[in-house]
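Coordinates in review
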Amino acid sequence: MAYTLPGVVVLLQLLTVNLAKGANVNITPTPVATVTDGDVLWLTCTYDLGGGTLGQLQWKGNDGGIVATVTPTAGTPCTISVSGYNIDCDNLTSSEVRLGIFNPVHGDTYSCFIYLFDSTQIGPASTQVSVITQTLTLSVMPSSPILEHELTFTCSVGMDIIENTQIFYKRNTFLVGTFLVNSTSCVSTKTQGGQNYTFTCGLFPVRELLLTIPAAHVTGDEQGTDWICNIFLSGVISNIVHLELSVPVTSVEIQPPAGQSLNITENQSIEVICVTSACRPFASVFWSVGGVNVTFAGASSVQSVPGDLYITTSTLTLTPSRALSGQTVVCTASNTETQIQSTRQPTLNVRHLPEILILPTSDPYVIPEGQKNITLMCTVTSANPNVSSLVWTREATELSNNGVYNLPVITTGDAGAYSCSAVNDVGTTSLNITLKVTTLPTTPNIVGFTVVTSSTLTVKWTPNDKGDMANAFNITHECKDCAEAESTSVNLAVRGNIYSSKLNNLFPGSEYYVNITAINMAGSSSPLELIVSTSPADTCPSPLEDTSTTSTALLVVGVILVLIAVAVLGISVFVYRKSRLLSKSENRKGNNQKPVKFNNVQQSKEGKQQEIVEERGHYQELDPNDIQKPSPYSCLSEDNNEAGIETVRGNYESIRGDPTARHDYIEIKEDVDTRRYANT
């Protein structure tokens, strides 16, 4: 196929004015002979002598010099004048001569001249060499073309395109259109179907030639087609672009259950299904709950449908906690750069058992007997759905149906386990609290007095095990007929289950009232009331006599209640003094006994007591006539006068005293009116 184009160099040299009628000469390829760098370029000269006889055919190069000659009458008809060429005269009888160029140079021009036997010149015919140094590259945008979306092919030419180079696009075997490039313009020629395409190209030296298909023509007919671009007759072809048109996802639907609320019970599983519209390629599905990606909990499957399309189905398995209640479930799908969210985005409604709180929070809840207006409060802190009942029960008996139970006055019969139950449609939640009622302690038991001197005395006692144990003891003492206030300095000592307290700075020869009261959180016991006399001034210490047959000892009388101290601070002792003998508290219990009275016992010259006091009941008063005056003879030291107190008579046990025992005390303020001293 020959083209007559502007800029084509045609060298016509008329050697004579007498040309043979009808004679002509042609070169192929023309006007441009394209060759890949490194390949041999073959040019073909064909001619019609118009009835004349061939005298000579000449091939001339870019500089006009002869590079090859054909002379039929010569001994060697075909000759090469310059190295780097070859000539083929095998088709001379068919009026065809081929010239081979071993090292073609881009832009060179070659011509074919014909001389008849009578020296008549025919021609010449010329062509220009185009050497391709790189291959053509074809690309498409977008890289994933979408159905009914505009797309553009770009053919990039990696070489200098000489004028009049023809480049074309091809779809499968269908020639879409061609470009004819010169130095000033890019001319497009549409072929079959070209009305669907738009051609654009840049001017020199731009090396890109574009073909655009409007969106309206990017139809299913383009799906699966192969595209190339090519330089005409050069054999140079671009890479193949296989057109796969994406059909985007247009909708995503969350399937049953219907509605905007997704009801689910806590710690139970539910499946939520998401289905995409038909698309190509198949879509990827993503799940989120409350904006958090939970795709890992989903599983997807793909189904082929007619039209080379696919439907993606994803199943999300949810086992939510109550913390996710109110969060939105969203399904998102994509097979292109655009993501499509589900039109329905249900909200999670996580149903769960009631959550309750009991006040007071301590369990067991310890209450003193007699305390008034105690309230047990049961509160629902969380429930979905709301509770239908809130009931206090004790031993299967309903006490209250509103979560509040009042106890007007606490008695021992109120002790026990109480249960609060909250009910909703999911189930029942129950919590228990145990009430422990404490009662008053009983009066302590007296062990006795030891080391009675003119200024000190030591009292010993034990708790009474017949009632609630005491966690503290209150000791008071006062002088019966003293003009001055007595000392309140008290030291507390304990040996096993026996407690002792030494009273100091007492007045000689004076009668003292000593009260010991057991205390726990319920209140105070009745006091253990004792009366004891100190020795006259400048006399020996006088231990009280134990009514045994072998020794003289301290007479021990009394009653005491014990509550083993369980508080962190240990056993606390309350010490205070009064201006007169204390009366019994209304909030105390114990024995209504008369005060137990102790007097000094006189010692003999040998350091022994002269008379044994008769045995008496626990609480009867000692007869002062039984006590003799102190001996004027030797005295026993305070540290030794208990050495012989070992015997037991009746219900009274003599205990070796420890007058040197000392304990520190710390002050604990229980309320504004009370000071409490705890043995440390």
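Quick caveat, the model's predicted, so the values are computed rather than measured. Along each chain, the written sequence defines residue order, and numbers are assigned to residues from 1. At least 70 in pLDDT is required for a residue's local features to be given in this predicted model, at least 80 for side-chain atom pairs to be given and counted, and no such filter applies to totals for whole chains, interfaces and linings, which use all residues. Think of the side-chain values as coming from all heavy atoms in the structure, minus any hydrogens and water.

Notes on the overall build of the chain
Stated precisely, the cut-off is as follows: In DSSP terms, a helix is any run of H or I states spanning at least four residues, a strand is any run of E spanning at least two, and both are numbered starting from the N terminus. Throughout this description, buried means an accessible area under 20% of the type-specific maximum (1.4 Å probe, protein chains only), exposed means over 50%, and partly exposed covers the range between. Contact definition: two residues touch when any of their heavy atoms are within 4.5 Å. Where accessible areas are quoted, they stem from the Shrake-Rupley method and a 1.4 Å probe; at the residue level, only the protein chains shown are allowed to cover.
Looking only at helices and strands, one finds zero helices and 50 strands in the chain. Within the chain, the proportion of its 680 residues that are buried is 46%. The long-range share in the chain, meaning contacts at least 24 apart out of those at least 6 apart in sequence, stands at 66%. By element, 50% of the accessible surface of the chain is carried by carbon and sulfur atoms, the whole surface being about 33000 Å².

Notes on the nonpolar core
Here is the rule: Within this scheme, the nonpolar core is defined by two criteria: the residues are buried Ala, Val, Leu, Ile, Met, Phe, Trp, Tyr or Cys, and they are joined through side-chain atoms within 4.5 Å.
Formed by 29 residues in total, the largest nonpolar core has its most connected members in L57, W59 and I114. Those residues in contact with L57 that sit more than four places away from it in its chain are C45, Y47, A68, T69, V70, V97, C112, F113 and I114. Core analysis: the second largest hydrophobic core is formed by 26 residues, I132, V157, I167 and I231 among them.

Concerning the pairing of strand β36 (residues 428–438)
Regular strands place their side chains on alternate faces of the sheet. Defined as follows: What makes two strands pair is DSSP finding at least two bridges between them.
Bridge analysis of strand β30 (residues 365–368) against β36 gives four bridges, and the strand direction is parallel. Following the sheet pairing, Y365 is matched in β36 by L435. Relative to β36, strand β35 (residues 416–423) is paired through eight bridges, and the arrangement is antiparallel. Counted as the bridge partner of S421 is S430 from β36. In this antiparallel pair of consecutive strands, β35 and β36, the connection spans four residues.

A word on the pattern of salt bridges
Threshold: Any Lys or Arg side-chain nitrogen found within 4 Å of a carboxyl oxygen on Asp or Glu counts as a salt bridge.
Across all of its chains, the model carries four salt bridges by this definition. Taking the shortest distance from any N to any O, the salt bridge between R171 and E222 comes out at 3.0 Å. You can see R171 sitting in strand β13 (residues 165–171) and its partner E222 sitting in the loop between β17 (208–213) and β18 (226–231), a full 51 residues away along the chain. What makes R171 buried here is its relative accessible area of 17%.

Remarks on the sheet that holds β18
Here we have five strands laid out as an open sheet, ordered β15-β14-β13-β18-β19, and antiparallel in their pairing. The two strands at the open ends of the sheet, each matched to only one other strand, are β15 (186–190) and β19 (241–242). With five bridges connecting them, β13 and β18 associate as antiparallel partners. Following the sheet pairing, K170 is matched in β18 by I228.

What about the state of the cysteines?
Stated formally: The term disulfide is used for any two cysteine sulfur atoms that are within 2.5 Å.
Applying the stated criterion to the full structure yields five disulfides. Each sulfur of the disulfide joining C45 and C112 lies 1.9 Å from the other. Where C45 bonds to C112 through sulfur, the torsion about that S-S bond is close to -80°, and the disulfide is left-handed. Of this pair, C45 sits in strand β3 (residues 41–48) while C112 sits in strand β9 (residues 109–116), placing them 67 residues apart in sequence. Each member of the pair, C45 as well as C112, carries the same accessibility label: buried. One disulfide in the model links C378 with C420; its S-S distance is 1.9 Å. Residues C378 and C420 share a disulfide whose torsion about the S-S bond is about -80°; that sign makes it left-handed. In this pair, C378 sits in strand β31 (residues 372–384) while C420 sits in strand β35, placing the two residues 42 residues apart along the sequence. A single burial state applies to C378 and to C420, both of which are buried.

Observations concerning the side chain of D108
Short version of the rule: All tallies of charge rest on Lys and Arg as positive and Asp and Glu as negative; His and the ends of each chain are not included.
If you trace the backbone, D108 turns up in the loop between β8 (96–101) and β9. Buried charge without a salt bridge: D108, with K60 as the nearest opposite-charge side chain at an N-O distance of 16 Å. Once you skip the residues sitting within four places of it in the chain, D108 turns out to touch N62, T127, Q128 and V129.

Considerations on the sheet that holds strand β2 (residues 32–36)
We apply this condition: Lines fitted to C-alpha atoms define the axes here, with helix axes fitted over just the stretch in contact, and angles between the N-to-C directions of these axes take values from 0 to 180 degrees.
With mixed pairing, six strands are arranged side by side in an open sheet as β2-β10-β9-β4-β5-β6. What marks the edges here is a single partner per strand, and that holds for β2 and β6 (78–80). Ignoring which end each strand starts from, the neighbouring axes of this sheet average 20° apart. Across four bridges, strand β4 (residues 54–60) lies against strand β5 (residues 66–70) in antiparallel orientation. The residue bridging K60 from the neighbouring strand is I66, located in β5.

A short note on the packing of aromatic side chains
Here is the rule we go by: Two rings from Phe, Tyr or Trp (for Trp, the six-membered ring) form a pair when their centres are within 6.5 Å of each other. A pair whose planes differ by under 30 degrees is stacked, one over 60 is edge-to-face, and the rest are tilted.
Inspection of every chain in the model, using the stated rule, returns ten aromatic pairs. Ring centres 5.9 Å apart and planes at 85° place the aromatic pair Y197 and W227 in the edge-to-face group. A residue pair is termed long-range when its members are at least 10 positions apart, and Y197 in the loop between β15 and β16 (198–201) and W227 in strand β18 qualify at 30 residues. Judged by its relative accessible area of 0%, W227 falls in the buried class.

Describing the environment of A297
With respect to the element layout, A297 can be found in the loop between β24 (292–293) and β25 (298–305). Counting along the chain gives 21 residues from A297 to L318, while the straight-line C-alpha distance between them is 7.4 Å. With residues up to four places along the chain from it excluded, the contact list for A297 reads T315, L316 and T317.

A closer look at a nonpolar patch on the surface
The following threshold applies: Residues enter patches when their relative accessible area tops 30% and they take part in no salt bridge; the joining distance is 9 Å for like charges and 5 Å for the nonpolar side chains Val, Leu, Ile, Met, Phe, Trp and Tyr.
Together, L357, L359 and M377 give the surface a local cluster of nonpolar side chains, amounting to about 230 Å² of exposed area. Assignment of secondary structure puts L359 in strand β29 (residues 347–359). Among the residues examined, L359 registers a relative accessible area of 39% and is labelled partly exposed.

Focus on unusual backbone geometry
For the bond from T30 to P31, the omega torsion is 0°, close enough to zero to count as cis. Tracing the chain through its elements places P31 in the loop between β1 (24–28) and β2. Note the cis peptide between D363 and P364, where omega equals 5°. Its place among the elements puts P364 in the loop between β29 and β30. Unlike most non-glycine residues, N373 shows phi in positive territory, near 55°. Residue position: N373 is located in strand β31. Positioned with a positive phi, A396 is a non-glycine residue whose angle comes to about 70°. In this structure A396 comes out as exposed when scored by relative accessible area, which is 79%.

Quick notes on the confidence of the model for the chain
Predicted coordinates in areas of low pLDDT are best not read in detail. Put simply, the rule is: The predictor reports its confidence for every residue as pLDDT, a score running from 0 up to 100.
When pLDDT is averaged along the chain, the result is 75, and 70% of the positions lie at 70 or above. At the level of individual helices and strands, the chain shows its lowest average pLDDT in strand β47 (residues 648–649), which scores 28, and its highest in β35, which scores 96. Every residue in residues 1–20 scores below 50 in pLDDT, and together they form 34 contacts with partners more than four places removed in sequence or on other chains. Per-residue pLDDT stays below 50 along residues 541–593; that stretch engages in 232 contacts with residues further than four places along the chain or on separate chains.

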